[in-house]
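# Chains, contacts and geometry: an overview
One letter stands for each residue in the lines below.
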Amino acid sequence: MVQKGQKISSSGINIMSSMDEMASSCSTQTPDGPMKGYEKPGYKLCTYVSKFIHTDAGPIPIINHKLKKDDLFSTFYVRWGIMRYSYTVAPGLYGIGKPDKNSEVLVTANFKLTFDHLRKGLGDINAWILVLDTKGINVWCAAGKGTFSTRELVKRIKDTSLFKAVDHKRVIVPQLGATGVSARDVKKQSGFRVVYGPVRANDIPAFLRNNLKADKKMRQVTFTMYERFILTPVEIQMVLKPALIIALALFVLSGFGPGVFSFSEAWERGIVSSIALVAGIFSGAFVTPLLLPFVPPKEFALKGIICGSILAILVLVLMSASINGIAGFLALFLFSVAISSYLAMNFTGTTPFTSPSGVEKEMKRYIPVQLIALVVSTGLWVYSAF
Amino acid sequence: MEDLRYLDDVSTLVLDKEKCIGCSLCTEVCPQAVFEMQGEKAHIVDFNACMECGACVNNCPSKAISVSPGVG
């Protein structure tokens, strides 16, 4: 939409101003009058755009700083991993409030969750927002993977004719974008100076008031219980499919016994072992992430073993009437704990403080342990049927 | 992050103080407050907080910092 508009203005055809007239003549008849003139066949106006303004860099959409009901609803389902990779906004230049030639330019990613978070955090600030094409990934992850990069930033600065929109030569890049951006190279290639803004969007108003200076707190990442909690739905959603396959295998495995194969045993023991599986998933993908700083060891796999053991014992004691003997009990215990440990270790990829070198060390040590537990548990489970 | 710490002595972070020109950009971009300016030079004050994100390496104008994690 934005780029299309710019092409029209840059080729010198004065379509946009006539559209304005049309829009004002319509404004009494339609609820979203000023937007009417921007409708085009094959395009849909975004609900977060309130109007367009005309600048030397072409027409720029002005976005709302308040989130609407549909923004919040889609935030909820994206947190569950639904439509996750198509939740994007078009890259390009936007405005918020009443930006002018002296307003700051805030750089961000084109993941809609990131975009929403930014506009909500800005309050009544007037600024430009330069959205980079990060393929729908947040700033930090995209910076790590190379899409939030020097190259992309320089390209967007040029493509949007940013120098026409503002009189200064300054862009504010979120601090976590520094993993993918070299301030020096951006300056060299585009003439724009990179100022690293705070980690969190909510700190931007204070950062701007403070003459583009961030204090130590604004520069450090946090991982509070709430921040951990909102990440757990995706953790659970990611294991649903493999869990279903494992459960199916458990039902089959549970049928083997003295009478070669028994469907009633498959059903009864299948349910019991699936409950142990669910307990392991719940422990590794929800309880351990939530209680992360309160479980003593530093290794996530060990944290998962501790949480998983406590949860498995609780669940297995409750079901003890349907488990045959100590072998069956031990089998389900090992199984549940191994699942918990593996998923807890998997959570290292989600946290903002684990180093790749540390994760590698942990995996080398604990994947064999988890595998052995799994093999022993399978043997014990079949053995316990006899 | 004081309440959440990962494994000690695993980071591959190296700071060459000879090459440091004292621009302090590393103290600005590091999300874990690993660096601090002491006089004219940057110092590593919290080595075990390093998560090898590479922000400092990317922005150091004198190539004084390196991290080399494996595949991750």
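Everything numeric in this text was worked out from a predicted model, so none of it was measured.

### Some thoughts on the overall build of chain A
- If you tally the helices and strands in chain A, you get 16 helices and nine strands.
- In terms of overall size, chain A is more extended than a compact globule, its C-alpha atoms giving a radius of gyration of 27 Å where 386 residues would be expected to give roughly 21 Å.
- Projected onto its principal axes, the C-alpha positions of chain A cover 85 × 50 × 30 Å.
- Within chain A, the proportion of its 386 residues that are buried is 51%.
- Here the contacts in chain A between residues at least 6 apart in sequence split such that 67% fall between residues at least 24 apart.
- With 43 positive and 25 negative side-chain charges, chain A shows a spacing of 5 Å between the two charge centroids.

### As for the pattern of salt bridges
Residues and elements named next belong to chain A.
- Counted according to the given criterion, the structure contains 17 salt bridges over all chains.
- Residue D116 is joined to R119 by a salt bridge in which the shortest nitrogen-to-oxygen separation is 2.7 Å. A residue pair is termed a helical-turn pair when its members lie 3 or 4 positions apart in one helix, as D116 and R119 do in helix 5 (residues 112–121) at three residues.
- A relative accessible area of 2% places D116 in the buried class.
- The exposure class assigned to R119 is buried, which follows from its relative accessible area of 0%.

### Points about the interface of chain A and chain B
- Contacts between chain A and chain B engage 35 residues on the former and 31 residues on the latter.
- Summed over both partners, the interface of chain A with chain B buries about 2,700 Å², with 59% contributed by carbon and sulfur atoms.
- On the chain A side of the interface with chain B, the three residues burying the most area are K298, F353 and P356 of chain A, jointly 23% of the side's total.
- Summed over the shared surface of chain A and chain B, the result is two salt bridges.
- Between R219 of chain A and E28 of chain B there is a salt bridge, with its nearest N and O atoms 3.9 Å apart.
- Counting across the interface, chain A meets chain B through 16 residue pairs in polar contact (both at pLDDT 80 or more).
- Listed by contribution, the elements that provide at least two residues to the side of chain A that touches chain B are helix 9 (183–190) and helix 16 (356–383) of chain A.
- With seven residues, the top contributor of residues to the side of chain A that touches chain B is helix 16 of chain A.

### Some words on a nonpolar patch on the surface
- A contiguous nonpolar patch, built from V252, F256, V260, F261 and F263 of chain A and spanning about 520 Å² of accessible area, is present on the exposed surface.
- On the accessibility criterion, F261 of chain A (32% relative accessible area) is partly exposed.

### Observations regarding the domain arrangement of chain A
Residue and element names in this part refer to chain A.
- Split by domain assignment, chain A resolves into domain 1 (1–45), domain 2 (47–221) and domain 3 (226–383).
- Relative placement of domain 2 and domain 3: their C-alpha centres are 40 Å apart.
- Taken together, the contacts link six residues of domain 2 with six residues of domain 3.
- Buried surface at the junction of domain 2 and domain 3, both sides included, amounts to about 590 Å², of which 66% is carbon and sulfur.
- Between domain 2 and domain 3 we count zero salt bridges in total.

### Digging into a positive patch on the surface
Residues and elements named next belong to chain A.
- A cluster of like positive charges, contributed by K169, K187, R193 and K213, occupies part of the molecular surface.
- Tracing the backbone shows K187 in helix 9.
- By relative accessible area, which is 45% here, K187 ends up partly exposed.

Scoring rules and cut-offs
- Just so you know, the residues in each chain are numbered from 1, in the order the chain's sequence is written.
- Whichever chain is written first becomes A and whichever ligand is written first becomes 1, with later ones labelled in order.
- Note on the predicted model: pLDDT of at least 70 is required for a residue's local features to be given, and 80 or more for side-chain atom pairs to be given and counted; whole-chain, interface and lining totals, by contrast, use all residues.
- Only hydrogens and water are set aside when side-chain values are computed; all heavy atoms of the structure are taken into account.
- Secondary structure is summarised from DSSP: a helix means a run of H or I of at least four residues, a strand means a run of E of at least two, and numbering begins at the N terminus for each.
- It is over C-alpha atoms that the radius of gyration is taken, and the globule rule equals 2.2 Å times the number of residues to the power 0.38.
- Here the term buried applies to any residue with accessible area under 20% of the maximum for its type, exposed to any over 50%, and partly exposed to those in between, with areas from a 1.4 Å probe on protein chains only.
- Any two residues whose heavy atoms approach within 4.5 Å are treated as being in contact.
- Charge assignment: positive for Lys and Arg, negative for Asp and Glu; neither His nor the chain ends contribute.
- Note on charges: their place is set at NZ of Lys, CZ of Arg, CG of Asp or CD of Glu.
- What counts as a salt bridge is simple: a side-chain nitrogen of Lys or Arg found within 4 Å of a carboxyl oxygen of Asp or Glu.
- By buried area we mean the combined loss of accessible area, with a 1.4 Å probe, across both parts when two parts are placed together.
- Throughout this description, a polar contact denotes any pair of N or O atoms lying within 3.5 Å of each other; where both atoms belong to protein, one of them has to be capable of donating a hydrogen while the other can accept it, and for residues adjacent in sequence the pair is counted only when both atoms sit in side chains.
- Think of a patch as exposed residues, more than 30% relative accessible area, with no salt bridge, where like charges cluster within 9 Å and nonpolar side chains (Val, Leu, Ile, Met, Phe, Trp, Tyr) cluster within 5 Å.
- A 1.4 Å probe and the Shrake-Rupley method give the accessible areas. Residues count as covered only by the protein chains that appear here.
- Residue ranges for the domains trace back to a domain assignment, done automatically or taken from a database.

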